[in-house]
Amino acid sequence: QVRLVESGGGSVQAGGSLRLSCAAPGSIYLSSKCMAWFRQAPGKEREGVAAINRAGGSTTYGDSVKGRFTISEGNAENTVYLQMNSLKPEDTAMYYCAARACSAGIYSFNVQWYSYWGQGTQVTVSS
């Protein structure tokens, strides 16, 4: 089964920063212009954090992370990043990368909409 590969998680104190990476197989990266980061805390539903439409480079963010997180295409081949600044304890969760084919200008935080997922990387923020 094709999977995306997340990395960069870890433990950090409140106010700190982390950068997550999502690497996709070449064929998936070429065809899947829509990519997103989701997170899931224990006992909670998976929620959308940030999404990018690589067909035009536009991005969108969940309300809880606006102004703190940035999603971007990386210089590294087939990689999308999530820069997380001013981290809070409530940001603690497993973070997942997702991807699917799409047209320009489309985003979604619908979990069911995405075709490909990674196994996740844990982010823990202590107060």
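Note that the coordinates shown come from a computational prediction; the quantities given were computed from them, not determined experimentally. (Residues numbered from 1 in each chain as written. Predicted model: local features only at pLDDT ≥ 70, side-chain atom pairs only at ≥ 80, totals over all residues. Heavy atoms only, no water.)

## A short note on the pairing of strand S8 (residues 79-84)
For S8, the buried fraction is high: 5 of the 6 residues fall into the buried class. Taken together, the 6 bridges between strand S3 (residues 18-23) and S8 define a ladder with antiparallel strand orientation. Of the residues in S8, the one forming a bridge with Cys22 is Val80. As judged from the 5 bridges shared by strand S7 (residues 69-73) and S8, these two strands associate in the antiparallel manner. By the bridge assignment for S8, Glu73 is matched with Val80. (Buried < 20%, exposed > 50% of the residue type's maximum accessible area, 1.4 Å probe, protein only. Helix = DSSP H or I, 4+ residues; strand = E, 2+ residues; numbered from the N terminus. Pairing = 2+ DSSP bridges.)

## Overview of the pattern of salt bridges
What the rule picks out here adds up to 5 salt bridges. In this structure, Glu47 engages Arg39 in a salt bridge whose closest nitrogen and oxygen atoms are separated by 2.7 Å. Judged by relative accessible area, Arg39 falls into the buried class, the value being 5%. One salt-bridge network, held together by shared partners, links Arg39, Glu47, Arg68 and Asp91. (Salt bridge = Lys/Arg side-chain N within 4 Å of Asp/Glu carboxyl O.)

## Overview of the sheet that holds S8
One open sheet holds the 4 strands; their spatial order is S1-S3-S8-S7, and the pairing between them is antiparallel. Each edge of the sheet is formed by a strand with only one pairing partner; in this case those strands are strand S1 (5-7) and S7. Each neighbouring strand pair of the sheet contributes to a mean axis angle of 15°, computed without reference to strand direction. Sheet analysis places S1 next to S3, joined by 3 bridges and oriented antiparallel. Its bridge partner being in S3, Ser7 is matched across the sheet by Ser21. (Axes fitted to C-alpha atoms, helices over the stretch in contact; angles between N-to-C directions.)

## Topic: the packing of aromatic side chains
On inspection of all chains with the given rule, the structure shows 5 aromatic pairs. The interplanar angle of 85° and the centroid separation of 6.2 Å between the aromatic rings of Phe38 and Phe109 together place this pair among those described as edge-to-face. Of this pair, Phe38 sits in strand S4 (residues 34-40) while Phe109 sits in the loop between strand S9 (93-100) and strand S10 (116-117), and the two are 71 residues apart along the sequence. Using a relative accessible area of 31% as the deciding quantity, one classes Phe109 as partly exposed. With a centroid separation of 6.2 Å and an interplanar angle of 70°, the aromatic rings of Tyr114 and Trp117 are classed as edge-to-face. Ring pairs connect the aromatic residues Phe38, Phe109, Trp113, Tyr114 and Trp117, which therefore count as one cluster. Positioned above the aromatic ring of Tyr96, the side-chain terminus of Arg46 is 3.8 Å from the ring centre. (Phe/Tyr/Trp six-rings, centres within 6.5 Å; stacked < 30°, edge-to-face > 60°. Lys NZ or Arg CZ within 6 Å of the ring centre and 35° of its normal.)

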